[in-house]
Amino acid sequence: MRGKINFFAVLPFQSPPWKWFKSGMQMMKTFTKNFTLFLATIAMAGSAFANTETCFFSDDLALDPNAGPQEITDKAQSYLKDAKAGEGIGWYRQGRVFYFGRTGSRDYSRAALCFESAVGNGYPEANYLLGLSYMRTSKGKLALTAMEAAMEGGNEKAELQIAYGHILKKFGTASRAETGFEMLQKFADAGEHRAMYLVANAKSTGTGTGLDIKSGFAEMLALANDGYPPAMNQVGRAYTYGYGTDKDIDLALDWYQKAIDRDYLKAELGLANTHARAHNYEEALQAYDRAIAADVDNADFELARAHSEGRFGRKSKYAQGWQTLTDLSDAGHLRASQSILDKLGDGSGRSADIGFLVKQLKAASEDGDGRSAAVLAKFLRERPDLFANATSEREEIIRRFGANMDRAQLVPELLRDTAKAHPSRAWSTMYRLLNAERGDAFIAGLIEMRRISRNAYVFALQKELIRSGALKGKATGVFNRSTVKATFKLCEAVEAAKKCANAPLSFDSVRAIANALAQSRDAGE
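Residues numbered from 1 in each chain as written. Predicted model: local features only at pLDDT ≥ 70, side-chain atom pairs only at ≥ 80, totals over all residues. Heavy atoms only, no water.

## A word on the overall build of the protein
Step number 1: What the protein contains, in helices and strands, is 28 helices and two strands.
Step number 2: By residue count, 48% of the 525 residues in the protein fall in the buried class.
Step number 3: In the protein, once contacts between residues fewer than 6 apart in sequence are set aside, the share between residues at least 24 apart is 51%.
Step number 4: By element, 51% of the accessible surface of the protein is carried by carbon and sulfur atoms, the whole surface being about 25800 Å². (Helix = DSSP H or I, 4+ residues; strand = E, 2+ residues; numbered from the N terminus. Buried < 20%, exposed > 50% of the residue type's maximum accessible area, 1.4 Å probe, protein only. Contact = heavy atoms within 4.5 Å. Areas by Shrake-Rupley, 256 points an atom, 1.4 Å probe, with all protein chains shown as cover.)

## Comments concerning the nonpolar core
Step number 1: Counting residues in hydrophobic clusters, the biggest one holds 72 residues, and the most contacted among them are Phe115, Leu184 and Phe312.
Step number 2: What phenylalanine 115 contacts, discounting residues up to four positions off in sequence, is Tyr92, Gly95, Arg96, Tyr99, Ala126, Leu129, Leu130 and Ser133.
Step number 3: In this structure, Val411, Leu461, Leu490 and Leu505 belong to the second largest nonpolar core, which totals 36 residues. (Core = buried A, V, L, I, M, F, W, Y, C linked by side-chain atoms within 4.5 Å.)

## A closer look at the side chain of asparagine 127
Step number 1: With respect to the helices, strands and loops of the structure, asparagine 127 is situated in helix H6 (residues 127-136).
Step number 2: If we ignore the near neighbours within four places in the chain, the residues touching asparagine 127 are Val119, Ala146, Ala149 and Ala150.

## Quick notes on the packing of aromatic side chains
Step number 1: One pass over the full model with this rule turns up 10 aromatic pairs.
Step number 2: An angle of 75° between the planes, with centres 5.0 Å apart, marks the rings of tyrosine 99 and phenylalanine 100 as edge-to-face.
Step number 3: Ring plane angle 20° and centroid distance 5.7 Å describe the contact between tyrosine 241 and tyrosine 243, whose orientation is recorded as stacked.
Step number 4: Put simply, the rings of Tyr92, Phe115 and Tyr123 touch in pairs and so form one group of aromatic residues.
Step number 5: The ring of phenylalanine 187 carries lysine 186 above its face, with NZ or CZ at 5.2 Å from the centroid.
Step number 6: Positioned over the ring face of tryptophan 255 is lysine 258, at 4.1 Å from the centre of the ring. (Phe/Tyr/Trp six-rings, centres within 6.5 Å; stacked < 30°, edge-to-face > 60°. Lys NZ or Arg CZ within 6 Å of the ring centre and 35° of its normal.)

## Points about the environment of arginine 335
Step number 1: Checked against the element boundaries, arginine 335 lands in helix H18 (residues 334-346).
Step number 2: Spatially, the C-alpha atoms of arginine 335 and leucine 361 are 9.6 Å apart, while their sequence positions differ by 26 residues.
Step number 3: Setting aside its immediate chain neighbours within four residues, arginine 335 contacts Asn298, Phe301, Glu302 and Arg305.

## Remarks on the side chain of threonine 487
Step number 1: Its location among the elements puts threonine 487 in helix H26 (residues 481-493).
Step number 2: What makes threonine 487 buried here is its relative accessible area of 1%.
Step number 3: From its side chain, threonine 487 meets the backbone oxygen of threonine 483 in a polar contact 2.7 Å long.
Step number 4: Residues in contact with threonine 487, not counting those within four places in the same chain, are Leu461, Leu465, Phe479 and Ile513. (Polar contact = N/O pair within 3.5 Å; in protein donor to acceptor, adjacent residues only side chain to side chain.)

## Considerations on the packing of H6 against helix H8 (residues 158-167)
Step number 1: Their axes nearest at 11 Å, the elements H6 and H8 cross at an angle of 15°. Classified by the interaxial angle, the pair formed by H6 and H8 is roughly parallel. H6 and H8 meet at a crossing whose hand is left-handed. Contacts from Tyr128, Leu132 and Met135 in H6 reach Ala158, Gln161 and Gly165 in H8. (Axes fitted to C-alpha atoms, helices over the stretch in contact; angles between N-to-C directions. Parallel < 35°, antiparallel > 145°, perpendicular 65-115°, else oblique. Left-handed = near helix turned anticlockwise from the far one by under 90°.)

## Topic: the pattern of salt bridges
When the charged atoms of two side chains lie near each other, side chains of opposite charge can form a pair.
Step number 1: Counted according to the given criterion, the structure contains 25 salt bridges.
Step number 2: Members of the salt-bridge network, linked through shared partners, are Asp342, Arg371, Lys378 and Glu382. (Salt bridge = Lys/Arg side-chain N within 4 Å of Asp/Glu carboxyl O.)

## Section: the environment of tyrosine 264
Step number 1: Note that tyrosine 264 resides in the loop between helix H13 (249-261) and helix H14 (267-277).
Step number 2: Remark: the alpha-carbon pair of tyrosine 264 and valine 296, spanning 32 residues in sequence, is separated by 9.6 Å.
Step number 3: Sequence-distant contacts of tyrosine 264, that is, excluding residues within four places in its chain, are made with Pro229, Pro230, Asn233 and Ala259.

## A word on unusual backbone geometry
Step number 1: Despite not being glycine, histidine 279 shows a phi value in the positive range, around 65°.
Step number 2: As for its placement among the helices and strands, histidine 279 is situated in the loop between H14 and helix H15 (281-293).
Step number 3: A positive phi is found at asparagine 298, a non-glycine position, where the angle reads about 70°.
Step number 4: Within the element layout of this structure, asparagine 298 appears in the loop between H15 and helix H16 (299-308).

## Quick look at the packing of H6 against helix H7 (residues 140-152)
Two quantities define a packed helix pair, namely the angle between the helix axes and the distance between the axes.
Step number 1: Two elements in contact, H6 and H7, have axes separated by 8 Å at closest approach and are oriented at 160°. Here H6 lies roughly antiparallel to H7, going by the angle between them. The crossing of H6 and H7 is left-handed. Of H7, the residues touching H6 (which contributes Asn127, Tyr128, Leu130, Gly131, Leu132, Tyr134 and Met135) are Leu142, Ala143, Ala146, Met147, Ala149 and Ala150.
Step number 2: Looking at the contact of H6 with H7 residue by residue, the classes come out as 11 nonpolar, two polar and no charged. (Nonpolar A, V, L, I, M, F, W, Y, C, P; charged D, E, K, R; others polar.)

## Let's talk about the environment of threonine 274
Step number 1: Relative to the helices and strands, threonine 274 resides in helix H14.
Step number 2: A residue is classified by how much of its surface remains accessible, and threonine 274, at 0% relative accessible area, is buried.
Step number 3: Spatially, the C-alpha atom of threonine 274 lies 9.1 Å from that of tyrosine 241, the residues being 33 residues apart in sequence.
Step number 4: Threonine 274 has contacts with Thr240, Ile249, Ala252, Leu253 and Tyr256, leaving out every residue within four places of it along the chain.

## So, helix H17 (residues 318-330)
Step number 1: Here H17 contains 13 residues, and its C-alpha end-to-end distance of 18 Å stays within 8% of the 18 Å for a straight helix at 1.5 Å per residue.
Step number 2: Along H17, the residues classified as buried are Gly321, Trp322, Leu325, Thr326, Leu328, Ser329 and Asp330.
Step number 3: The positive-phi residue at the C-terminal boundary of H17 is glycine 332, with phi of around 95°. (Expected span 1.5 Å × (residues − 1).)

## Describing the confidence of the model for the protein
Step number 1: Counting all residues, the mean pLDDT for the protein is 82, and 81% of those residues have values of 70 or more.
Step number 2: The element-level mean pLDDT for the protein is lowest in helix H1 (residues 20-44), coming to 41, with H13 highest at 96.
Step number 3: Counted against residues more than four places away or in other chains, residues 7-25, with its pLDDT under 50, gives 23 contacts.
Step number 4: With pLDDT under 50 throughout, residues 27-65 is counted as low confidence; its partners more than four residues away or in other chains account for 59 contacts. (pLDDT = per-residue confidence, 0-100.)

Written out as structure tokens, the structure reads:
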């Protein structure tokens, strides 16, 4: 049996001799990454980059199809010379090289280092891209500070980006969804398409405003019909999963294709996922390949995850997917690390360096990434056998980083703790906690109650039906005939009868019922 891990020290597992070589290679990888970071730090102090070839693209020449390699190199050398001389604009231009992937791949961490030096060397115009780089690397509070500095400096795009950051919770504990929604509504009223898109999405999820799935979908559909590609993609997703409308795979595929035809290539991922759900495996794989060829963000990750989850039936390459996730994780891809730890927790994953994953997600949690904190808390709960003092360590994570977590991530964990702390009155205590939530948090909490206990879920369901006047009597936790009848009536009212009719206690039905209750709660406020 493997020894337990001290979470905060994170000692590696004892490995058999055949794994020593692999461990040695991992150590070399870690040394290389750390040495690269050391060289970048020296560069910030005014020394030359060890690898000047990473700066071979300039902003203007990158857009000039007639520029030759020598011209590009000469311009890049001039940027490097400016940076070494302490010129802020030189650092700014190098930051853009990393931020926009002029070398063939994007590196937001190194971009942030360059933009920091640009600001420090008297070029405040770099604050805007510095803020975006911080958002990309989950440094929320620093991102907000940089964006506010950019707005004070007269950057017209910064205010809108601050609104986006708040509503999308990119600022960690400094995020204020209500503030973001109010700011976005102003831009939406002025006809700014992305603001209109995020306002519609916020209504569909109850983020920063009241939950109104139908209105959110209607506004998104209007925006899609107006020709806005991200809205087309989102409408495709709504039809795929039945969010705010009936599920319709053919319409979903049609809307994804419309977005792709408008060069919104991110929709290839939605197209691929929907084809996989429809068992059109060859079409799904082709869509993933097109997304990767177009350099769509996270396309390689999404394909690897799809393989590892067996979404392509017999065409799924589980081992290949798992290996790609592992390679991405080793390269610092946070979502890959989160996915691996999730799979290890539910028992569907293969062997992995748990110590490395834990340290990586712990560092991201320290930087304000709530998703990483949520994955760690869940993993500690599911696999306490791998850790020393797992319970206290999990409580420490929730105490320190719970404020960074989305409520939909935090509430399920709090419900688990409540059920354990109050076993004699767990149903009523859990419901009191759930009753204070709304939107996605309420939906996630009710689904978690079903995972914890069928009776606890039925008790909460009955409480909600009684609250709305659809059921009379007391909540008992027993799914009796009157409860079934009231549940179907509720589902019919929000046009979700088909979903609810398919085994009322199955998770698909529970999700549909939770969405219906969330809409009912919001309508009653």
